[in-house]
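# Descriptive structure summary
Each chain, letter by letter, is given below.
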Amino acid sequence: MSDGAAPDFGWFDEARFGMFVHWSASSQHGVELSWPLVGGIAALPYGTPMAVDDYYAGALDFCPQPGSPQRWMAAAKAAGMGYAVLTTRHHDGFALWPSKHTDFSIAATPYGGDLVAEYVDAARAEGLRVGFYLSLSDWHHPDYPPYDDNAVPYMAYLGRRSEPAAWDRYVEALFGQVEELLTNYGRIDIMWFDGQWERSVDEWHARELEALIRSLQPKIILTDRLPGAGDITTPEQNIPAAVPDGRWETCMTMNRTWGWCPADTEYKSGRDLVHTLCETAGKGGNLLLNVSPTGDGSLPAPQQERLEVVGAWMDRHADAIRGTTAGLEPWQFYGPSTRKGERIFLHLLWRPYETFAVRGIRLKRVRSVRHLLTGTDLDYTTRATAQEEIFGTDPVGDLVIGLPEELVDPVATIVELTVAG
Ligand code: GLC
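Here's a quick rundown of the structure. (Residues numbered from 1 in each chain as written. Predicted model: local features only at pLDDT ≥ 70, side-chain atom pairs only at ≥ 80, totals over all residues. Heavy atoms only, no water.)

## Comments concerning the pairing of strand E1 (residues 17-21)
Of all 5 residues making up E1, 5 are buried, and the element is well covered by its neighbours. Burial along E1 is two-sided: the face carrying Phe17, Met19 and Val21 and the face carrying Gly18 and Phe20 are both buried. With 5 bridges connecting them, E1 and strand E7 (residues 286-291) associate as parallel partners. Bridged to Gly18 within E7 is Leu288. Two strands pair when backbone bridges link them, and E1 and strand E2 (residues 83-89) are joined in this way by 4 bridges, in the parallel orientation. Directly across from Met19, in E2, lies its bridge partner Ala84. (Buried < 20%, exposed > 50% of the residue type's maximum accessible area, 1.4 Å probe, protein only. Helix = DSSP H or I, 4+ residues; strand = E, 2+ residues; numbered from the N terminus. Pairing = 2+ DSSP bridges.)

## Re the packing of aromatic side chains
With the rule as written, the count across this model stands at 29 aromatic pairs. For the pair Phe333 and Trp350, a centre-to-centre distance of 6.0 Å together with 45° between the ring planes defines the contact as tilted. Of this pair, Phe333 sits in the loop between strand E8 (325-326) and strand E9 (337-340) while Trp350 sits in the loop between strand E10 (343-348) and strand E11 (355-362); the two residues are 17 residues apart in sequence, bridging distant segments of the chain. Assessed through its relative accessible area of 3%, Phe333 is described here as buried. A cation over an aromatic ring shows up here: Arg199 above the ring of Tyr144, its NZ or CZ 4.5 Å from the ring centre. (Phe/Tyr/Trp six-rings, centres within 6.5 Å; stacked < 30°, edge-to-face > 60°. Lys NZ or Arg CZ within 6 Å of the ring centre and 35° of its normal.)

## With respect to the site of the ligand
Among the 13 residues in the neighbourhood of the ligand, the closest are listed as His22, Trp35, His90, Asp194 and Glu236. Take His22: an N or O atom from its side chain is 2.5 Å from an oxygen atom of the ligand. At 2.8 Å, a side-chain N or O of His90 approaches an oxygen atom of the ligand. Burial of the ligand by the protein amounts to 96% of the accessible area it has alone, namely 310 Å². (Near = heavy atom within 4 Å. Polar contact = N/O pair within 3.5 Å; in protein donor to acceptor, adjacent residues only side chain to side chain. Areas by Shrake-Rupley, 256 points an atom, 1.4 Å probe, with all protein chains shown as cover.)

And the structure:
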């Protein structure tokens with residue numbers, strides 16, 4: 001880390017929830033981003049292979065509706081999110097800003113604007129922190145080398161290397177793009193690389209790249225996808241079984257595809273997404289939930305609807321998510337829990353029978369047990385060994401809490417337990 005650089009984690013810890021936006025000129029085709037180019041991968045079942053020319057057809061006609069980023073950022077804010085990350089350039093190489101280091105960008109289209117600038121302004125206007133996703137790999141760049149139909153399969157393409165002079169030019173362009181992104185748009189809060197698996201730390205010049213980033217944006221948070229660097233780990237499409245060391249953020253799609261793909265109707269329900277958020281926060285992580293705007297920039301209706309379900313729940317329960325840390329030990333409660341000082345939030349992701357238990361609690365220190373949404377005090381009994389109850393000055397035991405049926409939330413119920421000390 002260069003002198004004076006210290007990432008600002010305050011907002012990241014507070015937010016717990018952000019919006020990932022996967023968007024490129026290819027969103028016009030309604031296909032997964034980039035992967036169709038290289039024959040798809042099993043992990044992305046809708047990344048159906050496409051001929052290179054077909055994938056790139058129409059890219060230079062990309063002309064989304066003006067004001068699109070404002071609408072995504074308003075939706076993110078309404079969903080209770082605290083930040084966003086936009087694919088400024090995915091593996092397919094199309095830059096959403098008028099980069100001087102490529103001729104394959106929004107500048108070459110009739111759009112005539114800078115989508116990255118619009119996004120940054122829109123996020124700030126909503127009070128959201130700003131993140132940039134940038135693929136280290138570029139399957140379109142002449143010096144990378146570009147992918148072509150003879151390059152199949154992907155594994156064979158991975159083994160291809162450009163001539164040293166071409167690679168130097170590529171690295172220069174990559175550094176140039178990073179410099180543009182981190183110089184021209186004010187303070188950027190998180191830098192999210194990807195595609196790192198295609199080259200080594202040395203080939204990416206990762207150390208110099210990190211130094212450049214920290215010098216341009218001393219407070220920025222870097223993900224671990226710049227090899228050898230990284231302030232946070234970034235699991236993907238799941239909640240890690242073992243809690244990662246340090247800060248982490250899992251990114252997830254609402255269906256199975258990152259880019260707009262109408263063929264993919266395998267959506268998680270809004271409730272499932274809320275539960276995912278609760279579980280992620282319960283393990284002390286952040287959730288970066290993906291949306292996939294269409295080619296004209298609008299948010300697909302199934303995604304908009306889900307954001308609304310999450311937002312309606314967050315309106316009532318954000319206290320149990322935002323600014324929290326992981327709560328109890330897993331054995332203490334059958335479900336996720338989060339904490340803020342003396343307040344412990346129990347996330348009921350199922351309907352209890354008449355009661356549910358919380359174990360290993362210092363019983364005499366319990367100050368209140370409340371239904372978060374209505375503030376209703378809940379009846380509870382305590383259970384501990386007789387000896388603890390009679391002689392213990394600070395007995396430890398179980399709390400058995402009653403939850404009336406009418407207080408069960410259709411999405412997820414939160415019970416707030418306050419324990420002194
Ligand atoms: C994977 C995919 C990429 C997607 C990313 C999000 O790395 O290659 O398409 O952008 O996951 O984390």
